[in-house]
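Chain residues, written in single-letter form:
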Amino acid sequence: MCELDHLLAGLYHARLYREQTLAGGGTVCDYWFVGDQEQKQV
């Protein structure tokens, strides 16, 4: 189930960083999303 998260992040123009998940045996679900494009100021 967690592998789908990377695909979905790409659809939202973001990159998913994840150290561990509960489903993978981790003690916490540790993740964050970072946009894959810079914001341009107008």
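Presented here is a report on the structure given in the accompanying data block. As the structure is a prediction and not an experimental result, all values here were calculated from the model.

Analysis parameters
- Residues numbered from 1 in each chain as written.
- Predicted model: local features only at pLDDT ≥ 70, side-chain atom pairs only at ≥ 80, totals over all residues.
- Heavy atoms only, no water.
- Helix = DSSP H or I, 4+ residues; strand = E, 2+ residues; numbered from the N terminus.
- Buried < 20%, exposed > 50% of the residue type's maximum accessible area, 1.4 Å probe, protein only.
- Contact = heavy atoms within 4.5 Å.
- Areas by Shrake-Rupley, 256 points an atom, 1.4 Å probe, with all protein chains shown as cover.

### So, the overall build of the protein chain
The number of helices and strands found in the protein chain is one helix and two strands. Secondary structure elements in the protein chain, listed N-terminal to C-terminal, are α-β-β. Expressed as a percentage of its 42 residues, the buried residues of the protein chain come to 10%. Pairs at least 24 residues apart make up 5% of the contacts formed inside the protein chain by residues separated by at least 6 positions. A total of about 4,000 Å² of accessible surface is found on the protein chain, and carbon and sulfur atoms cover 54% of it.

### Concerning unusual backbone geometry
Positive phi, normally seen in glycine, also occurs at H13, with a value near 55 degrees. By secondary structure assignment, the location of H13 is in the loop between α1 (4-11) and β1 (14-20).

### What to know about the environment of H13
The partly exposed category is assigned to H13, whose relative accessible area is 46%. Linking H13 and G35, residues 22 residues apart in sequence, is a C-alpha distance of 6.1 Å. In contact with H13, not counting residues within four places along its chain, are G35, D36 and Q37.

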